[in-house]
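Structural description and commentary
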Amino acid sequence: MRLHDKKMLPYLRPMPYFNWNDTVNLITKLTPSRIINMAKVWSSYQISKLTGKPIQWGQPISISFEPTTSCNLRCPECPSGLREFTRPTGMLQHDFFTETIDQIHRKLLYLVFYFQGEPYLNPKFLDMVKYASAKGIYTATSTNAHYLNDERAKATVESGLDRLIISIDGTTQDVYQSYRVGGKLDKVLEGARNIVKWKKQLNSKKPFVFFQFLVVKPNEHQIEDIKKLAAEIGVDQVRFKTAQVYDYENDPNQLIPTIDKYSRYKKAKDGTMQIKSGLNNHCWRLWSANVITWDGLVVPCCFDKDAMHRLGNLKMQNFTDIWKNDNYQQFRKELMTSRKNIDICANCSEGLKVWEE
């Protein structure tokens, strides 16, 4: 297809930064109890910043629930892909999920079905999405899209999923597989087209679908190409994500991009690489969200990929007790005292922009 072809002109116009349908959909999930809870969380966070003491009111606004640690790919900066977890690999069980949601759904606004692994490998994944959707929770997931065949794409739209993030880090197979090791770009594009098709056939505005492009050095020259490809397929948006590089001082896989705005890191005067965020001694995520692993461990956030900071276990305690327990308060206190000394916080992107097109 030639880019100067008149039929392609609509595809080349910039996609909107703001998506009205998705925003309205999220607003419809608000209830009095969720609004009150949001106000409590926000105000306690602001007071904590002012006083320097961890004050926690309310319960999480958002939670990430891990469907599985299994993955079909071997991405070079991902513990799941590298098979480097010290914690066990397994699948979230439907009964445990529903029991937990029953505890927290009245105040929970946003549920992310993702932490590590590929969600669609869990055979009960879409059943769990349906259950959460029936509770009026905004549901989202992130996928490498290799399992979105026609049947699963239809089931995804029918499940009530509100947001579908498709990770696609290249517009040609050679560039795509340089990071998404073992992946097939044609499968990703097929899956995206299947979702777009079934949204139209079922006359559904959901899920809000966007391509997430992890900008790394090998693919940064394809930034404009992914915008054109997304528009051609008909997804709702493209978002560019900065890459977390574990050994960013040496960057052994040569992933840090040369385009500054898409990098989490900057070169200091002495020539060493440093993280841009500044690591202030506060973190909105720790007040507003947390992560639950497939086997029930509660950890602070998505940067604790190996679940080393275990703040509670939902197989042994209820959620509210964990959220208010001494372990959580101690972790918040340590963060407000010296965030840079906490391992999972030292390479955190909190406060850095996700670029949308």
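Structure: see above.
Residues numbered from 1 in each chain as written. Predicted model: local features only at pLDDT ≥ 70, side-chain atom pairs only at ≥ 80, totals over all residues. Heavy atoms only, no water.

Side note on the packing of aromatic side chains
Put simply, the rule reads: Side-chain rings of Phe, Tyr and Trp, where Trp is taken by its six-membered ring, are said to pair if the distance between their centres is within 6.5 Å; with planes under 30 degrees apart they count as stacked, over 60 as edge-to-face, and otherwise as tilted. Per the convention used, a helix needs a DSSP run of H or I reaching at least four residues, while a strand needs a run of E reaching at least two, with both numbered from the N terminus. When accessible area is computed with a 1.4 Å probe and restricted to protein chains, residues below 20% of their type maximum are described as buried, those above 50% as exposed, and intermediate ones as partly exposed.
With the rule as written, the count across this model stands at 14 aromatic pairs. When the ring of F213 is compared with that of F240, the centres are 5.7 Å apart and the planes differ by 75°; the resulting orientation is edge-to-face. Here F240 lies in strand 6 (residues 237-242) and F213 lies in strand 5 (residues 208-215), a separation of 27 residues in the sequence. Like F213, the residue F240 is buried in the burial classification. Here F319 and W323 contribute two aromatic rings whose centre-to-centre distance is 6.3 Å and whose plane-to-plane angle is 20°, an arrangement assigned as stacked. A residue pair is termed a helical-turn pair when its members lie 3 or 4 positions apart in one helix, as F319 and W323 do in helix 11 (residues 319-323) at 4 residues.

With respect to the packing of helix 4 (residues 94-104) against helix 5 (residues 125-134)
Defined as follows: Note on method: axes are straight lines fitted to C-alpha atoms, helices fitted across the in-contact stretch only, with angles between N-to-C directions ranging 0 to 180 degrees. The cut-offs work like this: below 35 degrees is roughly parallel, past 145 is roughly antiparallel, 65 to 115 is roughly perpendicular, and the gaps in between are oblique. For any helix crossing, the convention is left-handed if the near helix is rotated counterclockwise from the far helix by under a right angle, and right-handed if that rotation is clockwise. Two residues form a contact once any of their heavy atoms are found within 4.5 Å.
Between helix 4 and helix 5, whose axes approach to 10 Å, the crossing angle comes to 15°. Judged by the angle between their axes, helix 4 and helix 5 are roughly parallel. For the pair helix 4 and helix 5, the crossing hand works out as right-handed. Here H94, F97, T98, I101 and D102 of helix 4 come into contact with helix 5, specifically with D127, M128, Y131 and A132.

Overview of the environment of R106
With respect to the secondary-structure elements, R106 resides in the loop between helix 4 and strand 2 (110-113). Considered as a pair, R106 and I223 are 117 residues apart in the sequence and their alpha carbons are 40 Å apart. Leave out the neighbours within four places in its chain, and R106 touches T31, S33 and R34.

Some thoughts on empty space enclosed by the protein
The following threshold applies: In this analysis a 1.4 Å probe is tested at points of a 1 Å grid over the protein atoms alone, and where it fits but cannot get out there is a cavity; an open set with protein on both sides within 12 Å along at least five of seven lines is a pocket; lining residues have an atom within 4 Å of a point. Grid points are joined across faces, edges and corners, and a volume is the space filled by probe spheres set on the points. We call Asp, Glu, Lys and Arg charged. Ala, Val, Leu, Ile, Met, Phe, Trp, Tyr, Cys and Pro are nonpolar, and the rest, Gly among them, are polar.
Counted by the stated rule, this structure contains 1 cavity of 30 Å³ or more. In this structure, the largest cavity spans a volume of roughly 80 Å³. Contributing to the lining of the largest cavity are C283, R285, L286, P300, C301, F331, L335, R339, I344, C345 and C348. If you list the elements that add at least two residues to the lining of the largest cavity, you get helix 10 (284-288) and helix 12 (326-338). When the residues that make up the lining of the largest cavity are grouped by side-chain class, the tally is 9 nonpolar, no polar and 2 charged.

Examining the side chain of H105
Take H105: it is sitting in the loop between helix 4 and strand 2. Here H105 falls in the buried class, since its relative accessible area comes to 12%. Setting aside chain neighbours within four positions, we find H105 in contact with R34, K135 and I137.

Details of the pairing of strand 3 (residues 138-143)
Cut-off, in case you're wondering: Each pair of strands is called paired provided DSSP finds at least two bridges between the two strands. Look down the strands so they point away from you; if going from the first strand over the helix to the second traces a clockwise path, that crossover is right-handed.
A large share of strand 3 lies buried, amounting to 6 of its 6 residues. Judged by which residues are buried, strand 3 turns out to be covered on both faces: Y138, A140 and S142 on one side and T139, T141 and T143 on the other are all buried. Of the pairings in the sheet, the one linking strand 2 to strand 3 comprises 4 bridges and is parallel in character. Looking at the pairing, Y110 lines up with Y138 of strand 3. Traced from strand 2 through helix 5 to strand 3, the parallel crossover comes out right-handed. As judged from the 4 bridges shared by strand 3 and strand 4 (residues 163-167), these two strands associate in the parallel manner. Bridge assignment links T143 to a residue of strand 4, and that residue is I166.

Focus on the environment of R193
Here R193 lies in helix 8 (residues 185-201). Once the C-alpha coordinates of R193 and I233 are considered, the two residues, 40 residues apart in sequence, prove to be 6.1 Å apart. R193 has contacts with E232 and I233, leaving out every residue within four places of it along the chain.

Looking at helix 2 (residues 32-51)
Quick reminder of the rule: Expected span of a helix: the number of residues minus one, times 1.5 Å. By arc we mean the arc of the directions from the helix axis to the C-beta atoms, nothing more.
The end-to-end C-alpha distance of helix 2, which contains 20 residues, comes to 28 Å, matching closely the 28 Å that a straight helix rising 1.5 Å per residue would cover. Turning to helix 2, its buried residues are R34, N37, V41, S44, Y45 and S48. An end-on view of helix 2 places all buried positions within 100° of arc, on one side of the element. Exposed side of helix 2, more than 90 degrees from the buried face: P32, W42 and L50 are the residues found there.

Let's talk about the environment of A39
One can find A39 in helix 2. By relative accessible area, which is 45% here, A39 ends up partly exposed. Linking A39 and G58, residues 19 residues apart in sequence, is a C-alpha distance of 8.3 Å.

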